[in-house]
Amino acid sequence: MKRKVFIIPPEKFEDLKIGKRKTKAAGIPAVISTLQHLKKELGIWQGLKMLNKMNQKGGFDCSGCAWPDPDGKRSAIGEYCENGAKALSEEATIKYLNPDFFEKHSVEELSSWSDFKIGKAGRITQPMYLAPNSSHYTPISWDKACTITSNHLKKLQSPNEAIFYTSGRTSNEAAFMYQLFARQFGTNNLPDCSNMCHESSGKGLSQTVGIGKGSVTLEDLHEAEVIVVIGQNPGTNHPRMLTALAQCKKNNGKIISVNPLPEPGLECFVNPQKVGDIIFGGTKLADQHLQVKINGDIALLKAVMILMLKEETKNPGSVFDLEFIEKNCSGYEEFIDDLKKISFNDTVNESGVSEQEIRKFATLIIQKKKIIVCWAMGITQHKNGVQNVREIVNLLLLKGSIGKSGAGTCPVRGHSNVQGDRTMGIWEAPKEDFLSKLDSRFGINTPRNHGYDVVNSIHAMSKNEIKVFIAMGGNFISATPDSVFTGESIQNCALTVQISTKLNRSHLVTGKEALILPCLSRSEKDIQKEGVQFVTVENSMGVVHQSIGSFTPASEHLKSEPAIVAILAKETFGKSSKIKWTEMMNNYDTIRDHIEFTINGFSNYNERVRLPEGFYLPNCAREGKFNTATKKANFTINPIPKRKIKSNHFIMMTIRSHDQYNTTIYGLDDRYRGIKNERRIALMNLKDMEALGLKNYSIVNFRSHFKGSIREANNFKVVAYDIPKGCIGTYFPEANNLVHINNKAEISNTPSSKFIEVEIIIPDH
Ligand SMILES: Nc1nc2c(c(=O)[nH]1)N[C@H]1C(S)=C(S)[C@@H](COP(=O)(O)OP(=O)(O)OC[C@H]3O[C@@H](n4cnc5c(=O)[nH]c(N)nc54)[C@H](O)[C@@H]3O)O[C@H]1N2
Ligand SMILES: Nc1nc2c(c(=O)[nH]1)N[C@H]1C(S)=C(S)[C@@H](COP(=O)(O)OP(=O)(O)OC[C@H]3O[C@@H](n4cnc5c(=O)[nH]c(N)nc54)[C@H](O)[C@@H]3O)O[C@H]1N2
Ligand code: SF4
Ligand SMILES: [Mo]
């Protein structure tokens, strides 16, 4: 019997306030917001004490995002931003969920709460168990929780009936152990949040430049002549990137923003650590904002490259880096032949940007040689997400803008260790070289068949093929597309296990039995048998460094993520296990020794990671070498996506507010966009609103259309916004039910969360 839980919280309204959109990011309001969050969750003094340890050498890594810390001197005032402080407040909160909380509230009742209220309830303090057919979680010992999990695993007919999900906060050490656990068990079913995030970047970059990571360092951003920020909102999601952009401007660089929205973080940055900025109004960042239609990026890039080709034809060698292309690239002639066939007018129309703006942008690119393109979800979460990334690479290759200082690719990662988790082997499609190293190091036979990514995991669950679902962090139910379909699918599992810090919907929409295993957070002290332990993480630019927690854990019952994997594995494989799980748990240096042996780039790991700045992993593209099948950097042909939608339909993108971390809702103040107290909002163009007779605060329902299937999400309030006609913006996860499970990127399988064809239904019409 399935419990009657809300997979989507009731679609109720709060008290929406629409204010003015801001044109400056950070500054004093950011400081005030930081202090307010600290005060609410843990008190200002404790909060400031903890913040002082964040991102400092010998401190803990901010779990806010994967933006790198400066290699050299760190600021004494602090190396963090408003959203880093919110991330810390959220996990270091002094509100605790003791067993009496779970006794008081049934799972069904909790599921009727908003995600905001669930998240604010507090830190989970001890293992909890939801027995079959029971309505409430009850406390359980670690031993019993491990026995339940291992009994379920041992009962499976095939190891592929289990799924091991990971969210990108997990440290390198925990991630390495977790994938080893799954593979010793016999499956590559290792989906992760990356499948919903930068998978398109990984695929697009591997095909074209031979490494699925970005090529630039932080210093490169400072030195670039042009930085194009496309499909990314750094002011909210990677706030300290604004410091790097401001540095680039100081060095006379130009910043170009390509986005359907004028995101304030890209307009002007007031560095709260600089008195001068506060007095004089800060640094103007974007020199140009190209307001593309949703998914108009390939068209825009092609338009620019057509103009570049025109100039180049007039004066060969004046625009393209022919020497670079000749020496390093493959597919140039075919690419140029294709470009010549494309109508410039079509590209302009499809992009949604005026010809004048495109010409201005092209003139800049023509003149400059050191170009960096930064991107995030506005590029990857499309049917043609991989093609978007490859088109960005085409532009950089024409300019020879990769493998030299001040130039290159910069996919800006989301979760603080999402890149490291993949390096550690959290991947459903591992390479043979890695698997054979695991086999020889541990004397096991790892499986060779590829496993399920996120979308395929959901399909397998819907077909009742999965019995056990284990999640190392994250909030699978709310983060994934097609919420109702996914929620019903996961309820088919016999057991779901969540290793978590805070309560979320994935603890409430569960298998027939469910476990919550509470873990330490980044800032908390991790003591194992052989002393205090630290973990390591890899940032968005491939730097591996230490993170050491020093604060008292929220409860004595918490265990570290590596310890949880070790005890689950010991219980599952018993005494005869060839892998010495206890040794790894007792001293994380042992895990790092295994990593050094099995993963390239980690020689002298334990020694080098003790250097204050950590170390850079090898990166062939950064060195101007391209490890592709052709051994060259590949130009690719990526057709302009054609928008075939009904004339009364719209294209919706689901984005983050300034006051959330993915499915964790920090607050209800999307300050930069001037939207307060409500998350069920729809940003719309005023002309579209007028045509439908809508005003600010009007209520609308949405139906999404995908290949004949319809999905619903109701009760959104309309907000007039500076967004192209035909486009709508809503928040994630409120609109996730509209993303059909098969509405996903070709090649990468990433849900197309930024391109949802919707129809607007006006209630009572
Ligand atoms: N505070 C905070 N920080 C975070 C997160 C968070 O939730 N909160 N999440 C973390 C994670 S996991 C990730 S992946 C990153 C996400 O970082 P972002 O990718 O910046 O996050 P989104 O809000 O999804 O924003 C996408 C941006 O792309 C634009 N966009 C949408 N569609 C298109 C398009 O078709 N073309 C172009 N050119 N632009 C488009 C949107 O207007 C928006 O500005 O942030 C990380 N950091
Ligand atoms: N529609 C739509 N959907 C999207 C997106 C979108 O833009 N639009 N973005 C996608 C992207 S980019 C991503 S990355 C995914 C995010 O997907 P997930 O990574 O699955 O989701 P999060 O909300 O980041 O997970 C938050 C939970 O992680 C747990 N947690 C926090 N810290 C720790 C820790 O240190 N250890 C452990 N074990 N647990 C911890 C807490 O319980 C918290 O509730 O969502 C994707 N979904
Ligand atoms: S930029 Fe990202 S990693 Fe740095 S302090 Fe802010 S949230 Fe944390
Ligand atoms: Mo992400």
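Everything numeric in this text was worked out from a predicted model, so none of it was measured.

(A) Seen up close, the site of ligand 3. Around ligand 3, the surrounding shell consists of Asn55, Cys62, Gly64, Cys65, Trp67, Tyr80, Cys81, Gly84, Pro239 and Arg240. A breakdown of the residues in the shell around ligand 3 according to their chemical character gives 6 nonpolar, 3 polar and 1 charged.

(B) Main features of the sheet that holds strand E9 (residues 254-258). If you trace the 5 strands from one edge of the open sheet to the other, you get E12-E9-E8-E14-E15, paired in parallel fashion. The strands lining the two open edges of the sheet, one partner per strand, are strand E12 (286-290) and strand E15 (408-411). Strand-to-strand, the axes of this sheet are offset by a mean angle of 20°, without reference to chain direction. Pairing analysis gives 5 bridges linking strand E8 (residues 226-230) to E9, with the strands arranged parallel. What sits directly across from Val226, in E9, is Lys254. Its contacts with the sheet put helix H21 (residues 385-398) on E8, strand E14 (371-375) and E15, and the angle it makes with E14 is roughly 170°.

(C) Spotlight on helix H8 (residues 172-185). Here H8 is 14 residues long and its end C-alpha atoms lie 20 Å apart, about the 20 Å a rise of 1.5 Å per residue gives. Counting buried residues along H8, 14 of its 14 residues qualify, which places the element largely inside the surrounding structure. Gly186 lies just past H8 and shows a positive phi near 120°.

(D) Region of the structure containing a nonpolar patch on the surface. A cluster of nonpolar side chains, Ile28, Val31, Ile32 and Leu35, forms an exposed patch at the surface whose accessible area comes to about 290 Å². One can find Leu35 in helix H1 (residues 27-41).

(E) Region of interest: unusual backbone geometry. The omega angle of the peptide bond from Phe732 to Pro733 is 5°, so this bond is cis rather than trans. Take Pro733: it is sitting in the loop between strand E33 (727-731) and strand E34 (756-761). Phi angles above zero are rare outside glycine, and Asn295 is one such case at about 65°. Using a relative accessible area of 8% as the deciding quantity, one classes Asn295 as buried. Positive phi outside glycine occurs at Asn464, with the angle close to 65°. With respect to the helices, strands and loops of the structure, Asn464 is situated in the loop between helix H24 (454-462) and strand E16 (468-472).

(F) Looking closely at the site of ligand 1. The environment of ligand 1 is formed by 33 residues, the closest being Asn259, Glu263, Asn295, Gln660 and Asn662. Separating an oxygen atom of ligand 1 from a side-chain N or O atom of Arg656 is a distance of 2.8 Å. In isolation ligand 1 exposes 920 Å². Once the protein is present, 99% of that is buried. Elements with a contribution of two residues or more to the shell around ligand 1: helix H11 (234-237), helix H20 (377-380), strand E25 (650-655) and strand E26 (660-661). Split into classes, the residues belonging to the shell around ligand 1 amount to 13 nonpolar, 16 polar and 4 charged.

(G) Just the pairing of E8, in detail. Burial within E8 is extensive, with 5 of its 5 residues counted as buried. Burial of the side chains of E8 extends over both faces: Val226, Val228 and Ile230 are buried on one face and Ile227 and Val229 on the other. As judged from the 5 bridges shared by E8 and E14, these two strands associate in the parallel manner. When the bridges of E14 are listed, Val228 appears paired with Val373.

(H) Summary view of the sheet that holds strand E21 (residues 535-538). Taken together, the 3 strands give an open sheet; going across it, the order is E21-E22-E23, and neighbouring strands pair in antiparallel fashion. The sheet is open, and its two edges are formed by E21 and strand E23 (615-616), each paired on a single side. Relative to E23, strand E22 (residues 543-547) runs antiparallel, the two sharing 2 bridges. Within the sheet, the bridge partner assigned to Val544 lies in E23 and is Phe615. Across the sheet, H8 is in contact with E21 and E22; its angle to E21 comes to roughly 90°.

(I) Broad picture of the packing of aromatic side chains. One pass over the full model with this rule turns up 20 aromatic pairs. Look at Phe181 and Trp581: their rings are 6.4 Å apart centre to centre, the planes differ by 80°, and that puts the pair in the edge-to-face class. In this pair, Phe181 sits in helix H8 while Trp581 sits in helix H28 (residues 581-586), placing the two residues 400 residues apart along the sequence. For the pair Phe181 and Trp581, a shared accessibility class is recorded, and that class is buried. Considering the side-chain rings of Tyr605 and Phe615, the 6.0 Å spacing of their centres and the 90° angle between planes classify their relative orientation as edge-to-face. Separated by 10 residues along the polypeptide, Tyr605 in helix H30 (residues 605-608) and Phe615 in strand E23 bring together distant segments of the chain. Just as Tyr605 is buried, Phe615 falls in that class too. Over the aromatic face of Trp113 sits the side chain of Lys117, whose NZ or CZ is 4.2 Å from the ring centroid.

(J) Seen up close, the domain arrangement of the protein. Each assigned domain of the protein is listed here: domain 1 (33-175 + 417-616), domain 2 (211-411) and domain 3 (644-761). Just the C-alpha atoms count here: the centres of domain 1 and domain 3 sit 30 Å apart. Each side of the interface is counted separately: domain 1 has 28 residues, and domain 3 has 23 residues. Both sides together, the interface formed by domain 1 and domain 3 hides about 2,100 Å², and carbon and sulfur atoms give 52% of it.

(K) How the structure looks around the packing of helix H15 (residues 297-314) against helix H17 (residues 332-341). Running from amino to carboxyl end, H15 crosses H17 at an angle of 100°, the nearest separation of the two axes being 10 Å. With respect to their mutual orientation, H15 and H17 come out roughly perpendicular. Side by side, H15 and H17 meet where Lys302, Met305, Ile306 and Leu309 of the first sit next to Phe335, Ile336, Asp338, Leu339 and Lys340 of the second. Counted by class, the contact of H15 with H17 contains 6 nonpolar, no polar and 3 charged residues.

(L) Highlighting the packing of H8 against helix H23 (residues 432-442). Close contact between H8 and H23 brings their axes to 12 Å; oriented N to C, the two are set at 85°. One finds that H8 runs roughly perpendicular with respect to H23. For the pair H8 and H23, the contacting residues are Phe176, Gln179, Leu180 and Arg183 in the first and Phe434, Leu435, Leu438 and Phe442 in the second. Grouping the constituent residues of the contact of H8 with H23 by class yields 6 nonpolar, 1 polar and 1 charged.

(M) Structural detail: a negative patch on the surface. On the surface, a cluster of negative charge is contributed by Glu326, Glu333, Glu334 and Asp337. Looking at where Glu334 falls in the secondary structure, it is placed in helix H17.

(N) Inspection of the nonpolar core at higher detail. Counting residues in each nonpolar core, the largest one holds 59 residues, and the members touching the most others are Phe164 and Trp581. Setting aside its immediate chain neighbours within four residues, Phe164 contacts Leu153, Tyr178, Phe181, Ala182, Phe185, Thr187, Asn189, Leu190, Pro191 and Ile470. Formed by 54 residues, the second largest nonpolar core is a distinct cluster that contains Val304, Leu309, Leu396 and Ile402.

(O) Seen up close, the side chain of Lys249. Examined against the element boundaries, Lys249 turns out to sit in helix H12 (residues 241-250). Reaching out from Lys249, the side chain makes a polar contact with the backbone oxygen of Leu285 at a distance of 3.1 Å. Aside from chain neighbours lying at most four places away, what touches Lys249 is Ile255, Thr283, Lys284, Leu285 and Asp287.

(P) Focus on the environment of Ile163. Of note, Ile163 is situated in strand E7 (residues 162-166). Take Ile163: its relative accessible area is 0%, and that puts it in the buried class. For the pair Ile163 and Pro139, spaced 24 residues apart in sequence, the C-alpha separation works out to 24 Å. Aside from chain neighbours lying at most four places away, what touches Ile163 is Asn189, Pro191, Tyr452, Ser457, Met461, Ile466, Val468, Phe469 and Ile470.

The rules behind these values
- Residues numbered from 1 in each chain as written.
- Chains lettered and ligands numbered in written order.
- Predicted model: local features only at pLDDT ≥ 70, side-chain atom pairs only at ≥ 80, totals over all residues.
- Heavy atoms only, no water.
- Near = heavy atom within 4 Å.
- Nonpolar A, V, L, I, M, F, W, Y, C, P; charged D, E, K, R; others polar.
- Pairing = 2+ DSSP bridges.
- Helix = DSSP H or I, 4+ residues; strand = E, 2+ residues; numbered from the N terminus.
- Axes fitted to C-alpha atoms, helices over the stretch in contact; angles between N-to-C directions.
- Contact = heavy atoms within 4.5 Å.
- Expected span 1.5 Å × (residues − 1).
- Buried < 20%, exposed > 50% of the residue type's maximum accessible area, 1.4 Å probe, protein only.
- Patch = residues over 30% accessible without salt bridge, like charges linked within 9 Å, V, L, I, M, F, W, Y side chains within 5 Å.
- Areas by Shrake-Rupley, 256 points an atom, 1.4 Å probe, with all protein chains shown as cover.
- Salt bridge = Lys/Arg side-chain N within 4 Å of Asp/Glu carboxyl O.
- Polar contact = N/O pair within 3.5 Å; in protein donor to acceptor, adjacent residues only side chain to side chain.
- Phe/Tyr/Trp six-rings, centres within 6.5 Å; stacked < 30°, edge-to-face > 60°.
- Lys NZ or Arg CZ within 6 Å of the ring centre and 35° of its normal.
- Domains from an automatic or database assignment.
- Buried area = accessible area lost by both parts, 1.4 Å probe.
- Parallel < 35°, antiparallel > 145°, perpendicular 65-115°, else oblique.
- Lys, Arg positive; Asp, Glu negative; His and termini not counted.
- Charge placed at Lys NZ, Arg CZ, Asp CG, Glu CD.
- Core = buried A, V, L, I, M, F, W, Y, C linked by side-chain atoms within 4.5 Å.

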